[in-house]
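# Residue-level structural notes
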Amino acid sequence: MFDTLNGTPLPFRHFLPASWLVILASSLSAQEPTRLVVRDNALPCLNMRTRPESSAPAFECLPPSTVVEAIGAAPYWRQVKLADDRTGWVAKKFLEAAAGPAPTPADADRDDAWLEVHVVDVGQGDGIWIHTFDDNIPGNGRYEGYNIIIDGGPDASDVKNRLLRYVLDKAHERAVIDALIITHPHDDHYPGAEGILRHFEVREFYDSGYPKQGIKWHRFRALVDSEKFEGHPIVEHVGRANFGTPDWGSELRVHLLYAYPGSGTALGSGNTLENNASIVLRLECGSQSILFMGDAEGKDRADGPDVPKYAERFLLDSVSPAALRSTVLKIAHHGSETSSTLPFINAVDPKYVVVSSGRKSFGGIFLPDATTLERYCAHKAATRIYRTDQDDEAEGRTTTTDADGDDIVISTNGDETRVVAYSSGRPITMTSCVP
């Protein structure tokens, strides 16, 4: 009886505050019913539940080949109606389009089609979940409800891995991750992806191609190499030359702007070089855009902010200004002083700046640097800055307690962008540019 594919629930579950229900409700779609059929691999049957949660009661179990009508969608789930008019929720991965005419490609943009980007509070590190809108018409190439993970945070163990718990709360064991992107192999970016690989089925994997040495990274890459998706090895894109152009629905334009160029020339050394091997990704949805910088840097800490170098220099030299300008910027390197030179800020010109950071001391320095954020406020006072370490210092958080629910949810329908942020799980509103 399927929606966990023989998976075992984690020892405990994390539930977001009630305000999440508003976001969830906004992602539900009530479209023209589409006929779907339960897949043959849903053995012995597919659980039909009262809510789009694996913990919700099951009241029916649908055998393979059962035909249903899709009437709604939430991340990882479809709301369906049976022939006797009963309705409920089933795991999306066990349904496919029923036999009939191929779905008609959807061309028109929709005001209710919200792309969601969840910047999860993983403490000191990066962990991002992207969910595209699902119009309940599988196979038409638009609004397909894809799920993408960028980085996994610092914690490989299931108990500590907050990104894993966050996504599993919306999904179920062995749900599909369409793309897993590791921007670069630093320990605050990739270890948590082990949990994603263990608990989900990953379709494609992206690696910057930086030649990281060491047992820990090689063990992680061996785990990736051993993974399968529907019985076949997952597709691995290693190095920018092998990235291609990801297809996450025709409503999005995906630009992989930068990654390790194959040589460390002019990119620094040691940790600086590894940071500047980061994958830099930009998503366009209508007139709105989001730029994800990984840990790509623009200068050394002691340098002034006027003259960019490293990855920022490369981007400014090789990417047109229009291809860098973005509504939302996920700031590089956790807001370190080594990021965000003035020419780069002028080029991106963000309306919203998002910082993923925690309460880890780097020789007495905690990120983000106030000087970095001040440059954004000086550039444009209307900029709003959101942080996953919101109030952590005032609350006395440490590296063991800083993943406390300071999550940031960015939503865009292509015409407007909204940001909902939390402090310890409580929604907050930013009314000024605060470094």
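Below or above, wherever it landed, is the structure these notes cover. For clarity, every value in this text was computed on a predicted model and none was experimentally measured. (Residues numbered from 1 in each chain as written. Predicted model: local features only at pLDDT ≥ 70, side-chain atom pairs only at ≥ 80, totals over all residues. Heavy atoms only, no water.)

### Section: the pattern of salt bridges
- Overall, the coordinates contain 34 salt bridges when judged by the stated rule.
- The salt bridge partner of Arg 39 is Glu 230, with a shortest N-O separation of 3.2 Å. Placement of Arg 39 in the loop between strand E1 (34-38) and strand E2 (46-49) and of Glu 230 in the loop between strand E15 (228-229) and strand E16 (232-233) is noted, with a sequence separation of 191 residues between them.
- On the accessibility criterion, Glu 230 (46% relative accessible area) is partly exposed.
- Among the ionic pairs, Arg 221 bridges to Asp 225, the shortest N-O distance being 3.6 Å. Here Asp 225 and Arg 221 lie together in helix H4 (residues 215-226), a separation of 4 residues that amounts to about one turn.
- Arg 221 sits in the buried class, given a relative accessible area of 14%.
- The exposure class of Asp 225 is partly exposed, given its relative accessible area of 46%. (Salt bridge = Lys/Arg side-chain N within 4 Å of Asp/Glu carboxyl O. Helix = DSSP H or I, 4+ residues; strand = E, 2+ residues; numbered from the N terminus. Buried < 20%, exposed > 50% of the residue type's maximum accessible area, 1.4 Å probe, protein only.)

### A few points about the sheet that holds strand E25 (residues 384-387)
- One open sheet holds the 6 strands; their spatial order is E18-E19-E20-E21-E22-E25, and the pairing between them is mixed. Of all the strands in the sheet, the pair left with one neighbour each is strand E18 (252-258) and E25. Strand-to-strand, the axes of this sheet are offset by a mean angle of 15°, without reference to chain direction.
- Across the sheet, helix H6 (residues 310-318) is in contact with E18 and strand E19 (280-285); its angle to E18 comes to roughly 125°.
- Each of strand E21 (328-330), strand E22 (352-355) and E25 is contacted by helix H9 (residues 370-379), which is oriented at about 155° to E25, the strand it contacts most. (Pairing = 2+ DSSP bridges. Axes fitted to C-alpha atoms, helices over the stretch in contact; angles between N-to-C directions. Contact = heavy atoms within 4.5 Å.)

### Topic: the nonpolar core
- Ranked by size, the top nonpolar core spans 47 residues in total, and within it Leu 46, Tyr 76, Phe 200 and Phe 220 carry the most contacts.
- Examining the composition of this core, we find that 5 residues originate from one element, helix H2 (residues 162-168), more than from any other.
- Core analysis: the second largest hydrophobic core is formed by 31 residues, Trp 248, Ala 259, Leu 281 and Tyr 352 among them. (Core = buried A, V, L, I, M, F, W, Y, C linked by side-chain atoms within 4.5 Å.)

### What about the sheet that holds strand E27 (residues 417-423)?
- Strands sit in the order E17-E14-E12-E10-E9-E8-E26-E27-E28 across an open sheet of 9 strands; the sheet is mixed. The strands lining the two open edges of the sheet, one partner per strand, are strand E17 (235-238) and strand E28 (426-428). Adjacent strand axes in the sheet meet at a mean angle of 20°, parallel and antiparallel pairs treated alike.
- Examined bridge by bridge, strand E10 (residues 147-152) and strand E12 (residues 179-182) share 3 bridges and lie parallel to one another. Its bridge partner lying in E12, Ile 148 is registered against Ala 179.
- The sheet contacts of H4 involve E12, strand E14 (204-207) and E17, and relative to E14 the element is tilted by about 155°.

### Overview of the packing of aromatic side chains
- By the definition in use, this model includes 12 aromatic pairs.
- Their ring planes at 40° and their centres at 6.3 Å tell us that Tyr 76 and Phe 200 sit as a pair that is tilted. Here the residue Tyr 76 occupies a position in the loop between strand E4 (67-74) and strand E5 (77-81), and Phe 200 occupies one in the loop between helix H3 (193-199) and strand E13 (201-202), the gap between them amounting to 124 residues.
- When its relative accessible area of 4% is taken as the criterion, Tyr 76 is described as buried.
- For the ring pair Tyr 190 and Phe 220, a centre distance of 5.2 Å and an interplane angle of 50° mean the geometry is tilted. Of this pair, Tyr 190 sits in the loop between E12 and H3 while Phe 220 sits in helix H4, and the two are 30 residues apart along the sequence. You'll find Tyr 190 and Phe 220 in the same group, each marked buried.
- Pairwise contacts between aromatic rings join Tyr 76, Trp 129, Tyr 166 and Phe 200 into one cluster.
- The ring centre of Tyr 166 lies 3.7 Å from the NZ or CZ of Lys 170, which sits over that ring.
- The ring of Phe 366 has Arg 359 sitting right over it, with the charged end atom 3.7 Å from the ring centre. (Phe/Tyr/Trp six-rings, centres within 6.5 Å; stacked < 30°, edge-to-face > 60°. Lys NZ or Arg CZ within 6 Å of the ring centre and 35° of its normal.)

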